[in-house]
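What the coordinates show
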Amino acid sequence: MKDDHAQRMLESLDNPIWFALTTEHRLLARSHGLAGRYPPDVSPLAALLQPTNDAFADLQRLVSRGEHVALFTASPLDVPGDWQVDRSRWIDQMICEASLAPPPVAPLPLGTTDVPEMLELTAATEPGPFLSQTIQMGSYFGIRANGGRLVAMAGERLRSTALTEISAVCTHPEFRGRGYARDLTTFLAARILAAGKTPFLHVKSENGAKVVYQNIGFRLRAAICLTVISLL
């Protein structure tokens, strides 16, 4: 039974946004029938229970015309005619199931007062969407230079009953090569594992950070299709 539960948990990673919106993030969710999404100032991520025409019709009730939303699916989407595919590509989904020793120095927790600095850092490094209210999705941690400047950060994005995604891993270009991304990811993964959940993340196959994640203990689970669509 334990193995069956573990298998179901991992299979939920084929539709991770849906499982986050219907469990740990249900209070953040905007839902209609077979579709759900995050508020536009939190995240552009959206999901369907199944990629059917009825589900896309429900999503249409949640999206403004011309607005872009992003979906993670196990297979490429067949999008109905009222929608335009703006971008579609495969990304790697990785999970970490081994216990990790935390880095020697614990990163600093980041809160709402840090958001302007976090927005500045993510604008300079482009780790993926980070908006004014993204911090509501989970806990974020950072590393500050001697002068107090925020130079690296990472945090939690999608969170469901048994899984937590690590996201927004970034280091200012002037401070790269010091192991900050490794330390932040290791710290978060160890923290998630200690809470009894499985950490996972998404990374482009060509991103050099993938090797860092593998060295920490993450393994490739599956290729996931990232599709950005907008309502015509």
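Residues numbered from 1 in each chain as written. Predicted model: local features only at pLDDT ≥ 70, side-chain atom pairs only at ≥ 80, totals over all residues. Heavy atoms only, no water.

So, the overall build of the protein
Each helix and strand counted, the protein has 6 helices and 11 strands in total. Over its C-alpha atoms the protein spans a radius of gyration of 18 Å, differing by no more than 12% from the 17 Å that the globule rule assigns to 232 residues. Seen along its three principal axes, the alpha-carbon backbone of the protein occupies a region of about 50 × 45 × 35 Å. Within the span of the protein, comprising 232 residues, buried residues form 52% of the whole. Nonlocal contacts in the protein, meaning residues at least 24 apart in sequence, comprise 71% of its contacts between residues at least 6 apart. Total accessible area on the protein is roughly 11300 Å²; 51% of this is exposed by carbon and sulfur atoms. The protein carries 22 positive and 23 negative side-chain charges, and their two centres are separated by 4 Å. (Helix = DSSP H or I, 4+ residues; strand = E, 2+ residues; numbered from the N terminus. Rg over C-alpha atoms; globule rule 2.2 N^0.38 Å. Buried < 20%, exposed > 50% of the residue type's maximum accessible area, 1.4 Å probe, protein only. Contact = heavy atoms within 4.5 Å. Areas by Shrake-Rupley, 256 points an atom, 1.4 Å probe, with all protein chains shown as cover. Lys, Arg positive; Asp, Glu negative; His and termini not counted. Charge placed at Lys NZ, Arg CZ, Asp CG, Glu CD.)

Considering the nonpolar core
Counting residues in hydrophobic clusters, the biggest one holds 25 residues, and the most contacted among them are Ile-17, Tyr-38, Leu-45, Phe-72 and Leu-158. Secondary-structure elements contributing two or more residues to this core are helix 1 (2-11), helix 2 (16-21), strand 4 (68-73), strand 5 (83-95) and strand 11 (219-231). Broken down by element, the residue count for this core peaks at 4 residues, all from helix 2. Grouped together as the second largest cluster of nonpolar side chains are 24 residues, Ala-145, Ile-166, Leu-188 and Ala-190 included. (Core = buried A, V, L, I, M, F, W, Y, C linked by side-chain atoms within 4.5 Å.)

Thoughts on the packing of aromatic side chains
This model, assessed by the stated rule, comprises 4 aromatic pairs. Aromatic pair Phe-130 and Tyr-140: ring centres 5.5 Å apart, planes at 80°, arrangement edge-to-face. Pair noted here: Phe-130 is in the loop between helix 4 (115-125) and strand 7 (140-144) and Tyr-140 is in strand 7, with a separation of 10 residues, a long-range link. We note that Phe-130, like Tyr-140, is buried. (Phe/Tyr/Trp six-rings, centres within 6.5 Å; stacked < 30°, edge-to-face > 60°.)

Description of the sheet that holds strand 3 (residues 46-48)
Sheet architecture is open: 3 strands sit in the order 1-2-3, paired in antiparallel fashion. This sheet does not close on itself; its edge strands, each paired only once, are strand 1 (30-32) and strand 3. Taking the axes of each pair of neighbouring strands and ignoring which way they run, one obtains an average angle of 15° across the sheet. (Pairing = 2+ DSSP bridges. Axes fitted to C-alpha atoms, helices over the stretch in contact; angles between N-to-C directions.)

Here's the deal with the pattern of salt bridges
Under the definition given, this model contains 12 salt bridges. Across the salt bridge formed by Glu-174 and Arg-149, the nearest N and O atoms sit 3.3 Å from each other. Within this pair, whereas Glu-174 is found in the loop between strand 9 (163-171) and helix 5 (180-194), its partner Arg-149 is found in the loop between strand 7 and strand 8 (150-159), the two being separated by 25 residues in sequence. What makes Glu-174 exposed here is its relative accessible area of 54%. Residue Arg-149 is classed as partly exposed on the basis of its relative accessible area of 36%. Several salt bridges share partner residues, and in doing so they unite Asp-114, Glu-117 and Arg-144 into one network. (Salt bridge = Lys/Arg side-chain N within 4 Å of Asp/Glu carboxyl O.)

Here we look at the environment of Ala-35
Structurally, Ala-35 is set in strand 2 (residues 35-37). Distance from Ala-35 to Gly-142, taken between C-alpha atoms, is 33 Å for residues 107 residues apart in sequence.

Topic: the side chain of Ser-167
Examined against the element boundaries, Ser-167 turns out to sit in strand 9. For Ser-167, a relative accessible area of 11% gives the class buried. Residues contacting Ser-167, with those up to four places away along its chain left out, are Ala-154, Gly-155 and Arg-157.

Things to note about helix 4
For helix 4, every residue scored as buried is listed here: Val-115, Met-118, Leu-121, Thr-122 and Thr-125. Around the axis of helix 4, the buried residues are gathered within 120° of arc, so they sit on the same side. Residues of helix 4 that are exposed and angled more than 90 degrees away from the buried face: Pro-116, Glu-120 and Ala-123. Looking at the buried positions of helix 4, the neighbouring elements they touch are strand 6 (108-110), strand 7, strand 8 and strand 9. Backbone geometry just downstream of helix 4 places Glu-126 in the positive-phi region, at approximately 50°. (Arc of directions from axis to C-beta.)

Some thoughts on unusual backbone geometry
Phi is positive for Glu-126, which is not a glycine, with a value near 50°. Although it is not a glycine, Ala-168 sits at a positive phi angle of roughly 55°. Exposure remark for Ala-168: the relative accessible area of 6% places this residue in the buried category.

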